[in-house]
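Each chain, written out:
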Amino acid sequence: MVDPLILGAIGAGLAVGIAGLGSGIGAGITGASGAGVVAEDPNKFGTAIVFQALPQTQGLYGFLVAILILFVFKTASPWAMFAAGLAAGLAGLSAIGQGIAASAGLGAVAEDNSIFGKAMVFSVLPETQAIYGLLVAILLLVGVFNGAGATEIAALGAGFAVGFAGLSGIGQGITAAGAIGATARDPDAMGKGLVLAVMPETFAIFGLLIAILIMLMV
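How each quantity is defined
Residues numbered from 1 in each chain as written. Predicted model: local features only at pLDDT ≥ 70, side-chain atom pairs only at ≥ 80, totals over all residues. Heavy atoms only, no water. UniProt positions renumbered as here; feature names shortened; annotations may be inferred. Helix = DSSP H or I, 4+ residues; strand = E, 2+ residues; numbered from the N terminus. Rg over C-alpha atoms; globule rule 2.2 N^0.38 Å. Contact = heavy atoms within 4.5 Å. Areas by Shrake-Rupley, 256 points an atom, 1.4 Å probe, with all protein chains shown as cover. Lys, Arg positive; Asp, Glu negative; His and termini not counted. Charge placed at Lys NZ, Arg CZ, Asp CG, Glu CD. Patch = residues over 30% accessible without salt bridge, like charges linked within 9 Å, V, L, I, M, F, W, Y side chains within 5 Å. Salt bridge = Lys/Arg side-chain N within 4 Å of Asp/Glu carboxyl O. Buried < 20%, exposed > 50% of the residue type's maximum accessible area, 1.4 Å probe, protein only. Expected span 1.5 Å × (residues − 1).

- In the annotation of an unreviewed UniProt entry, the entry for the protein reads H(+)-transporting two-sector ATPase, and the organism field reads Methanocaldococcus fervens.
- Checking UniProt for the protein, the heading Subcellular location (unreviewed entry) contains the comment "Membrane".
- Among the UniProt annotations of the protein, the heading Sequence similarities (unreviewed entry) holds the following wording: "Belongs to the V-ATPase proteolipid subunit family."

Written as structure tokens, this is what we have:
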């Protein structure tokens, strides 16, 4: 039998480790774009910081879940702790997509300040996948679904469902980056761009739905 504390420790590591990896890559993509923009116009430094901060939130979610796991180390289901870390960590990789979108947004704002609001709207879209992962992680840790199965393998299934589905945030970020470019050229293209950009999120919603159903039905 696996020591419960081992599963909890691995869960905490997955949460902060994988989500941190996603945030690091996402922030790096945006930062590289920001360095180029600031080299051309030093007054855009503040704007670059704002866009670079967006993909860092996934890392904060992973850090938060890791802290929550440590708080319930001796009371929560070991598999729930492991699955919570898996859900928050994998879903946190959506930061890569958000970094791509934020990089495109920063480039567009460097050319035209008036597009700032629209660029931000597109850039925050991939964040929702990480929020789904955070939500499922918290539900697992607080034991909202506490049937016999929910504390074991079902918890792992729920974590996989919302975690892997959260990777759709990478595709959403790529689409959002293209939509930002289209909107910069034609402001009337924003509506259609939003429709295209939210399409990849469908799969994250599927993952969230299945994760909740797994916890409800076991």
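There is more to say, and it comes next.
**Remarks on the overall build of the protein**
- Looking only at helices and strands, the protein has 11 helices and 0 strands in total.
- Taking 17 Å as the expected radius of gyration for a compact globule of 218 residues, we find that the protein reaches 19 Å, a close match to that expectation.
- Along the first, second and third principal axes, the C-alpha set of the protein runs to 60 × 30 × 20 Å.
- Of the contacts formed within the protein by residues at least 6 apart in sequence, a portion of 89% connects residues at least 24 apart.
- For the protein, the accessible area works out to roughly 9,500 Å², and carbon and sulfur atoms hold 74% of it.
- Across the protein, 5 positive and 10 negative side-chain charges occur, with their mean positions spaced 4 Å apart.

**So, a nonpolar patch on the surface**
- Together, V16, F63, I67, L70 and F71 make up a nonpolar patch on the protein surface, roughly 500 Å² of accessible area in all.
- Considering each element in turn, the nonpolar patch owes the most residues, 4 residues, to helix α3 (residues 57-71).
- Within the secondary structure layout, L70 lies in helix α3.
- Residue classification places L70 among the partly exposed residues on the basis of a relative accessible area of 48%.

**Re the UniProt feature "domain: V-ATPase proteolipid subunit C-like" (unreviewed entry) in the protein**
- With numbering matched to this structure, UniProt assigns "domain: V-ATPase proteolipid subunit C-like" (unreviewed entry) to residues 10-69, 82-140 and 156-214.
- This span, residues 10-69, is 88% helix and 0% strand, and a straight line between its end C-alpha atoms measures 10 Å.

**Comments concerning the pattern of salt bridges**
- For the structure on display, the rule yields 1 salt bridge.
- D41 is the partner of K44 in a salt bridge, and the nearest nitrogen-oxygen pair spans 3.2 Å.
- Exposure remark for D41: the relative accessible area of 25% places this residue in the partly exposed category.

**Considerations on the UniProt feature "transmembrane region" (unreviewed entry) in the protein**
- Under the UniProt annotation, the feature "transmembrane region" (unreviewed entry) is placed at residues 58-76, 83-110, 130-148, 160-182 and 194-216.
- The span residues 58-76 carries 74% helix and 0% strand; its end-to-end C-alpha distance comes to 23 Å.
- In the segment residues 83-110, helix accounts for 93% and strand for 0%; the C-alpha atoms at its two ends are 41 Å apart.

**Details of helix α8 (residues 153-165)**
- Between its first and last C-alpha atoms α8 spans 18 Å; for 13 residues at 1.5 Å apiece the expected length is 18 Å, and the two agree.
- Among the residues of α8, A154, A155, L156, A158, G159, A161, V162, G163 and A165 are the ones counted as buried.
- Buried residues in α8 make contact with α4 (78-91), α7 (127-142), α9 (168-185) and α11 (201-217).

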